[in-house]
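# Survey of secondary and tertiary structure
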Amino acid sequence: MKTYNSKHRILILGASGFIGNAIYKELLGYFRTYGTYRVPKKIFEDNHQFFQYNVEEDDVYEILEATKPTIIISCLRGEFRAQTIAHQHIAEYLLEHDSKLIFLSSANVFDAYSKYPSYELDKTLSGSIYGHFKIKIENMLLRLPKKKVAILRLPMVLGSQSPRLKELKQHLEDKTAIEIFPNIIMNVTTDSKLTQQIHYIINQNKYGIFHLGSTDLVHHDDYFKDIVKQISSKNGVIYKHVYTTNEDRYLAVLPKFNKLPKHLEITSTEVLEDITK
Ligand SMILES: NC(=O)c1ccc[n+]([C@@H]2O[C@H](COP(=O)([O-])OP(=O)(O)OC[C@H]3O[C@@H](n4cnc5c(N)ncnc54)[C@H](OP(=O)(O)O)[C@@H]3O)[C@@H](O)[C@H]2O)c1
């Protein structure tokens, strides 16, 4: 039987997904780590650390009772109302146990602002249903004792296995149009940098709000063209330019108050190198 130095028991909600699975693989060797999946797959069904969980049908409390996590990492997607109720139950669990939640939020909590990049203490405001939902959960969590919660606001997360890169490759294969947004200025990151950052946050017992975007910003259209150049030598790539506004819009999360060490920072060029390795 494997022994762990750490007292932590970790539960990853959404451990079958792109980010959740990358976190599972990063933490597996160091902590007793459990995960959930929704769609049945043999690889998860055969793994006794995995539980089938559908946020719309099952009560998260049963999985919390079965795994008794000291750290819960929420990487879920699914119906927003059901996710809100699940996070209310998680909040109750946190208050009753020596346990902490790491919640994956998004740069979209600022998507109603457009003129500047956003920092940790800026007021959130969203014009999208997704952004609204993330703000609602964040606000609920921010009412808990502050050491019990880490909110990670993520920009676009890329990686060789990311759904976005796969979709891009499919468009190139099918010779169909790739959507680019010339007015959006954003930052980016990779699943591998994010998992290192989460590992550090766990080890160092960090809490609060983290902005985990690359240190520099890029235009969406230029960046996607750079990715395409790296992964394909084909000519005649078709782009569809999507203009959401007349002026440039920022969708970027930068750290000012809650910074991680230098080796855990990433630049957009490093993201590009990583995803096309
Ligand atoms: N990817 C990004 O660029 C990005 C950027 C900002 C924030 N985020 C946030 O990061 C988190 C993870 O994103 P991701 O890109 O890794 O998503 P993903 O690949 O779609 O994974 C979502 C996970 O949630 C599970 N899930 C979906 N519907 C569910 C339901 N009804 N009940 C229970 N579980 C369900 C999936 O299980 P199955 O695989 O079995 O369906 C999977 O494990 C999300 O909260 C997202 O908002 C992601």
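The paragraphs below set out a description of the structure included in this document. Source: prediction; values computed, not measured.

### Regarding the pattern of salt bridges
- Throughout the structure, instances matching the rule amount to six salt bridges.
- Where Lys42 meets Asp46, a salt bridge forms, and the shortest distance between an N and an O atom there is 2.6 Å.
- Note on Lys42: relative accessible area 60%, which makes it exposed.
- The partner of Arg153 in a salt bridge is Glu138, and the shortest N-O contact between them spans 2.8 Å. Taken together, the residues span a long stretch of sequence, with Arg153 in strand β6 (residues 149-154) and Glu138 in helix α5 (residues 129-142) at a distance of 15 residues.
- Accessibility expressed as a relative area gives 2% for Arg153, which makes it buried.

### Structural notes on the site of the ligand
- For the ligand, the set of nearby residues contains 27 residues, the closest of which are Ser16, Val39, Val55, Leu76 and Tyr130.
- Taking Gly14, its main chain carries an N or O atom lying 3.2 Å from an oxygen atom of the ligand.
- At 2.8 Å from an oxygen atom of the ligand is found a main-chain nitrogen or oxygen belonging to Ile19.
- Summarising the interface, the protein chains cover 88% of the accessible area of the ligand, which totals 910 Å² for the free molecule.
- For the shell around the ligand, the secondary-structure elements that each account for two or more residues are α1 (18-27), β5 (100-106), α5 and β7 (156-158).
- In terms of residues, the shell around the ligand owes the most to one element, β5, which gives three residues.

### What about α1?
- Of all 10 residues in α1, seven are buried, a share of seventy percent or more.
- Every buried residue of α1 is listed here: Ile19, Gly20, Asn21, Ala22, Ile23, Tyr24 and Leu27.

### Focus on the sheet that holds strand β4 (residues 71-74)
- Spatial strand order, β3-β2-β1-β4-β5-β6-β11: seven strands in an open sheet with parallel pairing. Two strands bound the open sheet, and with one partner strand each, they are β3 (50-52) and β11 (208-211). Neighbour to neighbour, the strand axes of the sheet diverge by 20° on average, direction disregarded.
- With four bridges connecting them, β6 and β11 associate as parallel partners. Counted as the bridge partner of Ile151 is Ile209 from β11.

### Quick look at the layout of surface pockets
- Approximately 300 Å³ is the volume attributed to the second largest pocket.
- Lining the second largest pocket are 14 residues, and of these Gly17, Phe18, Asn21, Lys25 and Gln161 lie nearest its centre.
- For the lining of the second largest pocket, the secondary structure elements donating two or more residues are α1, α6 (163-174) and α7 (191-203).
- Looking at the lining of the second largest pocket element by element, the count peaks at five residues for α1.

### Section: the pairing of β5
- Counting buried residues along β5, seven of its seven residues qualify, which places the element largely inside the surrounding structure.
- Burial of the side chains of β5 extends over both faces: Lys100, Ile102, Leu104 and Ser106 are buried on one face and Leu101, Phe103 and Ser105 on the other.
- One ladder, built from four bridges, connects β4 with β5; its direction is parallel. The residue of β5 that forms the bridge with Ile73 is Ile102.
- Remark: the β4/helix α4 (residues 80-96)/β5 crossover connection has right-handed handedness.
- As judged from the six bridges shared by β5 and β6, these two strands associate in the parallel manner. Bridge pairing in β6 links Phe103 to Ile151.

Analysis parameters
- Residues numbered from 1 in each chain as written.
- Predicted model: local features only at pLDDT ≥ 70, side-chain atom pairs only at ≥ 80, totals over all residues.
- Heavy atoms only, no water.
- Salt bridge = Lys/Arg side-chain N within 4 Å of Asp/Glu carboxyl O.
- Buried < 20%, exposed > 50% of the residue type's maximum accessible area, 1.4 Å probe, protein only.
- Helix = DSSP H or I, 4+ residues; strand = E, 2+ residues; numbered from the N terminus.
- Near = heavy atom within 4 Å.
- Polar contact = N/O pair within 3.5 Å; in protein donor to acceptor, adjacent residues only side chain to side chain.
- Areas by Shrake-Rupley, 256 points an atom, 1.4 Å probe, with all protein chains shown as cover.
- Pairing = 2+ DSSP bridges.
- Axes fitted to C-alpha atoms, helices over the stretch in contact; angles between N-to-C directions.
- 1 Å grid on protein atoms, 1.4 Å probe; cavity = no way out; pocket = protein on both sides within 12 Å on 5 of 7 lines; lining within 4 Å.
- Points joined across faces, edges and corners; volume = space filled by probe spheres on them.
- Right-handed = clockwise from strand over helix to strand, strands pointing away.

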